[in-house]
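# Observations on the model geometry
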Amino acid sequence: MTTLEEKALTSQEVSAELTDVKSRHFEPSGLLNWLTSTDHKMIGKSYLITSFMFMLLGGALALVIRLQLASPNNSLVTLHQYNELFTMHGSIMIYLFVGPFAFGGLANYIVPLQVGAPDMAFPRLNLLSYWLYLSGGLIMVLGFFVTGGAADFGWVAYAPLSNAVNSPGAGPDMWIVALLLTGFSAIFTGVNIIATVFYLRAPGLTMFRLPIFTWNMVVVAILILIAFPVLTSALVMLYADRHFGTHIFEVQGGGVPVLWQNLFWFFGHPEVYILALPFFGVVTEIIPVFSRKPLFGYKGMLFATLAIAALSTGVWAHHMFTTGVVLLPFFSLMTYLISVPTGVKFFNWIATMWRGHIRFDTPMLYAVGFLITFLGGGLSGMLLAAPPLDFFEHDTYFVVAHFHNVVMALFLAAVGALVYWYPKMTGRMMREGIGKISFWFMFIGANVTFIPQYILGLRGMPRRIVTYPPGIGWHFLNELSTIGSFMIAVGALFLVINFWVSWRKPIPAGNDPWDGHTLEWYTTSPPPHHNFDRLPIVRSERPVWDVKYGLEGAAIPGHSNSNPPSSVKDKDHADNAAG
């Protein structure tokens, strides 16, 4: 019989054994790994790739719409085809690209890294969320191939346009089922993110030391848990109206069509910030790094985010001013109030850049492009918050320009996020030259596309219009808007080329190419399966900066290569440097 001493291992042997266990990935490789892996990084990349492909499809539909409107009396597509195009373009961009890209892709990949967690709290639920999203997206797009075509009632599906009489066929039903599936996907991801951040944070990473990007994702998760069940309920009622004769939204059976608008927009306006807040977080990560300064007003930025979330549930009816059934002064006031915390964020972003050592690398260009573009969309939204102006502008292209201006700003931030975190995900750098060409095409193209649409709206061009007569002053502006849309497409093409070149001819990125502040830059690029072999001491919202310029080599005691502060003097030095 072996003695206890013979069975004992030295601490070095134990450490080596643990490292060996960590390095082994008990998962299949290749395509099967992509299909079955519960690693949050694989799932995050799956979301990013899938949503990017949906974005390319939605963008192609937008180009067809712009070609149809480029000249008067155009007949490139029929009325029914046009209704399908703008319905599916809006649905794909809102439900399948902007939200899943941020909340499914970026959050899945980055949040566990930023909080020092080895994975999401519920890995299998995370994988189920992705498959629900992919299934819903494919069902929605496959509506083009069924008899009668895809949904054609607009991405907001207003009743009674969306009932079985006005929108017959399987395509609208597939749209409803798709939103139900993607809605459950978002709800499950929201639960996962909240559990991950609350229960798997690294030691020392208090809630008031969390990166703003992670904080924003927590707030978005809470908004999803509030808003998406309402949309799910509305979709179930709409399906029941279409197939079971319930008449919930139909006047003929005693229903109320405007109830759909109340339910949809109670989801829809928190949804605006569900889409926007992740990208607010993205630019809040990028700007301090490339300004080489700490974020100005960390707690002010955080409380502004919480204020936006709280107010976003009380402004839904500003989409319904023209219905005559909502209290105009209250919802107008609430809409003006929600602009205040957004203004605080702009002040903090600008103050962070003020007198900083700014490097205009590609991610910073996209962040600044987001600020300028979002400012234009936000200011035009303030005009729509005034009921007398909204009565005039509501059904014109002014609203189209406003909404697309905002979403284009989010798209710029999304590309900035890709460029910023691409080295962390792949260990490779994207090409700066190609990246800047891509940015300028997108940024200039956005303004060339949407500024003419504001003018068209003020000249009375209605939205949801398939063609228009000549000689009324709309032709040139529509041509200009179409040219701008193709400039955006060229920018997207350069982005794809950048991915291709960077992958085929890699330039090693190193672990921290941008001199970052947050925990994801502490691990390797790409991270190992378990994310971290060791973690730094977290004593501020910039732990990696503290390691590099405060406590060199600091790590949490008890982890390998830990180097805790040797004295109170060292601790004070680190605290002062971090502050």
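Use the structure listed above.
Conventions we followed
Residues numbered from 1 in each chain as written. Predicted model: local features only at pLDDT ≥ 70, side-chain atom pairs only at ≥ 80, totals over all residues. Heavy atoms only, no water. Axes fitted to C-alpha atoms, helices over the stretch in contact; angles between N-to-C directions. Helix = DSSP H or I, 4+ residues; strand = E, 2+ residues; numbered from the N terminus. Parallel < 35°, antiparallel > 145°, perpendicular 65-115°, else oblique. Left-handed = near helix turned anticlockwise from the far one by under 90°. Core = buried A, V, L, I, M, F, W, Y, C linked by side-chain atoms within 4.5 Å. Buried < 20%, exposed > 50% of the residue type's maximum accessible area, 1.4 Å probe, protein only. Contact = heavy atoms within 4.5 Å. 1 Å grid on protein atoms, 1.4 Å probe; cavity = no way out; pocket = protein on both sides within 12 Å on 5 of 7 lines; lining within 4 Å. Points joined across faces, edges and corners; volume = space filled by probe spheres on them. Nonpolar A, V, L, I, M, F, W, Y, C, P; charged D, E, K, R; others polar.

Where helix α7 (residues 170-199) meets helix α8 (residues 212-244), the axes come as close as 8 Å, and the angle between the chain directions of the two elements is 155 degrees. Put simply, α7 runs roughly antiparallel to α8. Both α7 and α8 take part in a crossing whose hand is left-handed.

One recurring pattern in soluble globular proteins: nonpolar side chains tend to sit buried together. Of all hydrophobic cores here, the largest spans 170 residues; its most connected members are Tyr-95, Leu-106, Trp-175, Trp-260, Phe-279, Phe-370 and Trp-421. In terms of residue count, helix α5 (residues 79-114) provides more of this core than any other element does, 20 residues in total. Setting aside its immediate chain neighbours within four residues, Leu-106 contacts Leu-48, Phe-101, Val-111, Phe-213, Phe-279, Val-282, Ala-417, Trp-421 and Met-425.

With that settled, consider the layout of surface pockets. Counted as a void, the second largest pocket has a volume near 820 Å³. Lining the second largest pocket are 27 residues; nearest its centre among them are Trp-34, Lys-45, Ile-49, Thr-426 and Trp-503. At the level of elements, α3 (31-36), α4 (40-69), α5, α14 (397-426) and α16 (475-504) are the ones that each hand at least two residues to the lining of the second largest pocket.

A word on the packing of helix α10 (residues 298-312) against helix α11 (residues 328-353). When two helices pack together, their arrangement is given by the angle between their axes and by how far apart the axes lie. Relative to each other, α10 and α11 sit at 160 degrees, their axes nearing to 9 Å. On the basis of their axis angle, the class for α10 and α11 is roughly antiparallel. Considering how the two elements wind past one another, α10 and α11 form a crossing that is left-handed. Packed against α10, whose contacting residues are Gly-300, Met-301, Ala-304, Thr-305, Ala-307, Ile-308, Leu-311 and Ser-312, the element α11 presents Met-334, Leu-337, Ile-338, Pro-341, Thr-342, Val-344, Lys-345, Asn-348 and Trp-349 at the interface. Taken together, the residues of the contact of α10 with α11 sort by class into 11 nonpolar, five polar and one charged.

For the structure shown, the criterion picks out six cavities of 30 Å³ or more. When its volume is computed, the largest cavity comes out at roughly 220 Å³. Taken together, 20 residues make up the lining of the largest cavity; nearest its centre are Tyr-95, Pro-100, Thr-182, Ala-186 and Phe-228. Within the lining of the largest cavity, the residues separate by chemical class into 13 nonpolar, six polar and one charged. Considered as a void within the structure, the second largest cavity measures approximately 160 Å³ in volume. It is helix α9 (residues 257-291) that provides the largest number of residues to the lining of the second largest cavity, a total of four residues. Its residues placed into classes, the lining of the second largest cavity shows eight nonpolar, three polar and three charged.

Keep in mind these numbers describe shape, not what the thing actually does.
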